[in-house]
Amino acid sequence: MILSDADILERLEAGDLVVDPLDDPELQIQPASVDLRLGREFLEFQRTNISCIHPDSEQEIDEYITETVVDEGDDFILHPGDFVLGTTYERVEIPADLIAHVEGRSSLGRLAVVVHATAGLCDPGYRGQITLELSNLGSAPVALTPGMRISQLTFTELKTPSERPYGSDRGSKYQDQDGPQASRIGSDDEFGGDQLERDG
Ligand SMILES: Nc1ccn([C@H]2C[C@H](O)[C@@H](COP(=O)(O)OP(=O)(O)OP(=O)(O)O)O2)c(=O)n1
């Protein structure tokens, strides 16, 4: 079951679902979602000198990334073909019996701005700001203003609460993230590994 505005309000008031700060609930709570605003920090991949990214090398990923913090009143210009990481301004806490989906807003989609390239799932138990995978599929640069409503979060109730919510086991590498976080896929090994065992 997907939560409606009334369900979302009820869970926010109960305090187990958190969207903080929710400065203008009337504007931000939509019929069945909550609009989230764009934060000031962005991570950009440097275009030059990248021969190949090895996902298992965190150091390598960090070396290729630069951080930009947009000053008050300024915009971040997302150029055609760009891919950058942004962040929601709000911090969320998802209870063990809900799963949240990060969705784009139609008004930005119509400008060819995509807010999550592939991953759009916030696990039950997740706490923190949400990293946005921003790209511009159009042919004109688009100005993004921190504070603008950039994405929306929908909530689906699980049949039973998760027994191992995010944060309760070793693999929860993005728990409590603050600002945009680059991929930590290199930590997968440390947490049990995705590598297939080789035969012989
Ligand atoms: N666009 C998104 C999607 C998710 N998340 C956060 C909320 C999720 O609960 C958490 C982990 O997401 P995934 O499970 O999709 O990521 P991984 O499987 O790579 O990480 P882990 O191994 O920690 O589960 O990241 C985020 O900040 N921005």
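Residues numbered from 1 in each chain as written. Predicted model: local features only at pLDDT ≥ 70, side-chain atom pairs only at ≥ 80, totals over all residues. Heavy atoms only, no water.

Caption draft 1: Fine view of the site of the ligand. In the vicinity of the ligand, 13 residues are found, and the nearest of them are D123, Y166, G171, K173 and Q177. One of the backbone N or O atoms of T131 is found 2.8 Å from a nitrogen atom in the ligand. Separating an oxygen atom of the ligand from a side-chain N or O atom of K173 is a distance of 2.5 Å. Burial of the ligand by the protein chains amounts to 75% of its free accessible area of 590 Å². Looking at the shell around the ligand residue by residue, the class counts come to seven nonpolar, four polar and two charged. (Near = heavy atom within 4 Å. Polar contact = N/O pair within 3.5 Å; in protein donor to acceptor, adjacent residues only side chain to side chain. Areas by Shrake-Rupley, 256 points an atom, 1.4 Å probe, with all protein chains shown as cover. Nonpolar A, V, L, I, M, F, W, Y, C, P; charged D, E, K, R; others polar.)

Caption draft 2: Examining the packing of aromatic side chains more closely. Here the structure, examined in full by the defined rule, presents two aromatic pairs. With a centroid separation of 4.0 Å and an interplanar angle of 10°, the aromatic rings of F42 and F76 are classed as stacked. Taken together, the residues F42 in strand β4 (residues 41–45) and F76 in strand β6 (residues 76–78) connect sequence positions 34 residues apart. On the basis of relative accessibility, which here comes to 6%, the residue F76 falls in the buried class. (Phe/Tyr/Trp six-rings, centres within 6.5 Å; stacked < 30°, edge-to-face > 60°. Helix = DSSP H or I, 4+ residues; strand = E, 2+ residues; numbered from the N terminus. Buried < 20%, exposed > 50% of the residue type's maximum accessible area, 1.4 Å probe, protein only.)

Caption draft 3: Representation of the sheet that holds strand β10 (residues 121–122) in the model. Read across the sheet, five strands follow the order β2-β3-β13-β8-β10 without closing on themselves; strand pairing throughout is antiparallel. At either end of the open sheet lies a strand with only one pairing partner, and these are β2 (29–30) and β10. In this sheet, strand β3 (residues 33–37) lies alongside β2 in antiparallel orientation, the contact comprising two bridges. Residue pairing across strands places I29 opposite V34, the latter belonging to β3. (Pairing = 2+ DSSP bridges.)

Caption draft 4: Layout of unusual backbone geometry. In the segment running from D20 into P21, the intervening peptide bond is cis, with an omega of 0°. Note on placement: P21 falls in the loop between β1 (18–20) and α2 (25–28). At A112, a residue that is not glycine, the phi angle is positive and equals roughly 75°. The topology assignment puts A112 in the loop between α4 (106–109) and β9 (113–114). The class of A112 is buried, set by a relative accessible area of 19%. Of note in this structure, D176 is not a glycine but carries a positive phi near 65°. Inspection of the secondary structure puts D176 in the segment after β13 (149–157).

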